[in-house]
Amino acid sequence: MVIGATIAGPALWRRALAAPAQTAVSPYGPLLAPDANGVRLPEGFTSRVIARSLAAVGLTTYLWHVFPDGGATYPVDDGGWIYVSNSEVPGGLGGVGAIRFAPDGDIVDAYPILQGSSSNCAGGPTPWGTWLSCEESDTGRVWECDPYGVKPAVALPAMGVFTHESAAVDEVRRRVYLTEDEGDGRFYRFTPASYPDLSSGRLAVARVHDMKAVEKGGRSQVSWIEVPDPSASSGTTRTQVPTSTPFDGGEGTWFDSGIVYFTSKGDNRVWAFDTLDDTIEILYDDDLTPNPPLSGVDNVFVSRASGDLFVAEDGGDLQVVMITPNRTVAPLLQVVGTEHQSSELAGPAMNPAQDRFYFSSQRGNAFGMTFEISGPFRRTPPTQVLASSTVKVNETPIGDTDRETEVLSAALPNTGPPYAPTFATGRRRRSRTTENDGIGVAAALGAAAVAGATGYVLKRLGSDDEA
């Protein structure tokens, strides 16, 4: 079982390099008036609330966690699927919950897969069917969790101890890319010692050679320099390599078609790192886009059916925004109403059939709401995707600690790219839930409703064969 289709055709996103995405009309048309759930959608789309924090999910006895954040979906053998969601509550009261759906979309089960962790923000799915949940705190770690609730969650300190935001697995080169939610956060790459085992390996940090060229709409080479002390016992990881490049508030990540997409909220940018030639560019920047519809960039997701990149907004006008393979930007949906004041949208994902879309309003109705959107989602990219490619990768740029050259041949199926969010214009950092806020919530609601003691991690289904 392979989760997702991450080696999709890169041609769509590479044709217009050095051309940041521009505002356009949505392929689904304008957003209509809000429905009964307070969601504005294009014509033909509907919404349902699948979970409310501190309330039982469906007919189960499981209470949905507080402050739902990053999420992903996983297939089930009977044709159903599972949606997992982080809980961004600090003080050991966070974790991850899961909802299981029948093939017809009915909710049949809900349960925790990680408990007792802190500030679980975003993360990322793995090709072998697990969920990487990232703790957003100074002592934050990555946890590998089992969406199916079979095995206990496992902490992965080798991937670094820092303010983790999200993770994306490059299954071709067998690496994991990580973001850090700090004003001077870094962009990291973890190379496992024995893929897909993530318990040991080498953590490196990015150095962008010519950021001025990138900020003008161009591209730059990137070098990777090893972090001396991933445990951060001798100093924060982001300060250990002075020549590394800071990114202002790293947020969501997603790997697709040889590209790692990630966002930085402090400067409201969506970045595209090309793993084939170690170059980086800006895919979206509100300063480079007239009448920008997207701000407060946060979690990202790529639909493998349409190639659309979706970005969820943290703040602003609370939209999920699309960046299409043709590099146009338009909203997919928006939540409105007083119950969503001071909230953020998070956890974008689609079911395996790519006809249902999931997201959460993290502080909707005070403690969180999780939605499902159904409708005529696009089934194909706007243009044909590259069918196959043979790539020669020279991984010895200046300052790089990886001294190898590898030749990779990969079949690239006709699948597609990611997604995008909205805010107000201008630079803005997220207003965080503080440690005291989280503890106050737990005290008021009961630790049992917000956290727990154990979790589970899924059996590995990855292969040791070269891609």
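Located above this text is the structure these notes cover.
Model, not experiment: these values are computed from the prediction.

Calculation rules
Residues numbered from 1 in each chain as written. Predicted model: local features only at pLDDT ≥ 70, side-chain atom pairs only at ≥ 80, totals over all residues. Heavy atoms only, no water. Helix = DSSP H or I, 4+ residues; strand = E, 2+ residues; numbered from the N terminus. Buried < 20%, exposed > 50% of the residue type's maximum accessible area, 1.4 Å probe, protein only. Contact = heavy atoms within 4.5 Å. Areas by Shrake-Rupley, 256 points an atom, 1.4 Å probe, with all protein chains shown as cover. Pairing = 2+ DSSP bridges. Axes fitted to C-alpha atoms, helices over the stretch in contact; angles between N-to-C directions. Phe/Tyr/Trp six-rings, centres within 6.5 Å; stacked < 30°, edge-to-face > 60°. Polar contact = N/O pair within 3.5 Å; in protein donor to acceptor, adjacent residues only side chain to side chain. Disulfide = S-S within 2.5 Å. Salt bridge = Lys/Arg side-chain N within 4 Å of Asp/Glu carboxyl O. Core = buried A, V, L, I, M, F, W, Y, C linked by side-chain atoms within 4.5 Å.

**Q** I would appreciate a short explanation of the overall build of the chain in the present structure.
**A** If you tally the helices and strands in the chain, you get 4 helices and 30 strands. For the chain, with 467 residues in total, the buried portion stands at 61%. Partitioning the intrachain contacts of the chain with sequence separation of at least 6 by distance along the chain shows that 62% fall at a separation of at least 24. Surface summary for the chain: the accessible area is close to 16,000 Å², and the carbon and sulfur share equals 53%.

**Q** How should I be thinking about the sheet that holds strand S6 (residues 95-101) in this particular structure?
**A** Strands in a sheet are paired, the pairing made by backbone hydrogen bonds, and the direction either parallel or antiparallel. Pairing is antiparallel across the open sheet formed by 4 strands, whose spatial order is S4-S5-S6-S7. Each of the sheet's edge strands pairs with one partner strand only, and the pair in question is strand S4 (68-75) and strand S7 (107-115). Going across the sheet, the axis of each strand differs from the next one's by a mean of 20°, ignoring polarity.

**Q** Any chance you could explain the packing of aromatic side chains here in plain terms?
**A** Two numbers describe a pair of aromatic rings. These are the distance of the centres and the angle of the planes. In this structure the tally under the stated criterion is 26 aromatic pairs. Between Tyr177 and Phe187, the aromatic rings sit 5.8 Å apart at their centres with planes inclined by 25°, giving stacked as the arrangement. Linking Tyr177 in strand S13 (residues 175-180) with Phe187 in strand S14 (residues 187-194), this pair joins segments that are 10 residues apart in sequence. An angle of 20° between the planes, with centres 4.1 Å apart, marks the rings of Phe187 and Phe262 as stacked. With Phe187 in strand S14 and Phe262 in strand S18 (residues 259-264), the pair connects residues that are 75 residues apart, well separated along the chain.

**Q** Help me understand the sheet that holds strand S16 (residues 220-226) in this model?
**A** Ordered by their spatial adjacency, 9 strands build an open sheet running S12-S13-S14-S15-S16-S20-S19-S18-S17, and the pairing between neighbours is antiparallel. The strands lining the two open edges of the sheet, one partner per strand, are strand S12 (164-170) and strand S17 (250-256). The mean angle between the axes of side-by-side strands here comes to 35°, regardless of whether they run parallel or antiparallel. Summarising the sheet, S13 and S14 pair through 4 bridges and their orientation is antiparallel. Of the residues in S14, the one forming a bridge with Tyr177 is Arg189.

**Q** Explain the side chain of Glu144 here, please?
**A** Tracing the backbone through its elements, the reader meets Glu144 in strand S10 (residues 142-145). On the accessibility criterion, Glu144 (3% relative accessible area) is buried. Of note is the side chain of Glu144, whose polar atom sits 2.7 Å from the side chain of Thr130.

**Q** Can you walk me through the environment of Leu288 in this structure?
**A** Along the polypeptide, Leu288 turns up in the loop between strand S20 (279-285) and strand S21 (297-302). Assessed through its relative accessible area of 32%, Leu288 is described here as partly exposed. Sequence separation between Leu288 and Gln22 is 266 residues, and the spatial gap between their C-alpha atoms is 8.3 Å. Look past the residues within four positions of Leu288 in its chain and what remains in contact with it is Pro20, Gln22 and Glu215.

**Q** Honestly, the state of the cysteines in this entry has me stumped. Any pointers?
**A** Two cysteines joined by a covalent bond between their sulfur atoms form a disulfide. In the structure shown here, the tally under the stated rule is 0 disulfides. Here Cys121 stays unpaired: no disulfide links it, and the sulfur of Cys134, its closest cysteine neighbor, is 8.4 Å away. The buried category is assigned to Cys134, whose relative accessible area is 0%.

**Q** Explanation requested: the pairing of S18 in the structure shown.
**A** Strand residues, when the strand is regular, have side chains that alternate between the two faces of the sheet. Of all the 6 residues making up S18, 6 are buried; the element is thus mostly covered by neighbouring parts of the structure. Of the two faces of S18, the one holding Ile259, Tyr261 and Thr263 and the one holding Val260, Phe262 and Ser264 are both buried throughout. Where S17 hands over to S18, the hairpin turn is made up of 2 residues, of which Ser257 adopts a positive phi near 55°. Between the end of S18 and the start of strand S19 (residues 269-274), which pair antiparallel, lie 4 residues, with Asn268 showing a positive phi angle near 55°.

**Q** Please clarify how the pattern of salt bridges should be interpreted in this entry.
**A** Once the charged atoms of two side chains with opposite charge are near each other, the side chains can pair. Going through the model one piece at a time under the given rule, you end up with 17 salt bridges. Its salt-bridge partner being Glu251, residue Lys265 comes within 3.2 Å of it at the nearest N-O pair. Residue Lys265 is found in the loop between S18 and S19, and its partner Glu251 is found in strand S17; the two are separated by 14 residues along the sequence. According to the relative accessible area criterion, Lys265 is buried, its value standing at 2%. Judged by relative accessible area, which is 0%, Glu251 ranks as buried. Linked by salt bridges that have partners in common, Glu215, Asp267, Arg269 and Asp285 make up one network.

**Q** I'm lost on the nonpolar core in this one. Help?
**A** Note that soluble globular proteins tend to have their nonpolar side chains buried in a common cluster. In terms of nonpolar packing, the biggest core is built from 38 residues, with Ile323, Leu333 and Phe357 touching the most fellow members. When neighbours within four sequence positions are excluded, Phe357 is seen to be in contact with Phe301, Phe310, Val320, Leu332, Leu333, Pro348, Ala349, Met350, Phe371, Glu372, Ile373 and Phe377. Residues Cys134, Leu156, Tyr195 and Leu203 belong to the second largest nonpolar core, which totals 21 residues.

**Q** What am I meant to see in unusual backbone geometry here?
**A** With glycine set apart, most residues show a phi of negative sign, and most peptide bonds adopt trans. In this structure, the amide linkage connecting Tyr195 to the following residue, Pro196, adopts the cis form with an omega of 10°. Residue position: Pro196 is located in the loop between S14 and strand S15 (197-208). At Leu54, a residue that is not glycine, the phi angle is positive and equals roughly 70°. Among the structural elements, Leu54 can be located in the loop between strand S3 (46-52) and S4. According to the relative accessible area criterion, Leu54 is partly exposed, its value standing at 23%.

**Q** When you look at the environment of Asp184 in this model, what are you seeing that I'm missing?
**A** By secondary structure assignment, the location of Asp184 is in the loop between S13 and S14. Assessed through its relative accessible area of 32%, Asp184 is described here as partly exposed. Those residues in contact with Asp184, other than ones at most four positions away along the chain, are Arg238, Pro246 and Phe247.

**Q** Teacher, can you tell me more about the pairing of S7 here?
**A** As judged from the 7 bridges shared by S6 and S7, these two strands associate in the antiparallel manner. Each bridged residue has a counterpart across the sheet, and for Gly95 the counterpart in S7 is Gln115.

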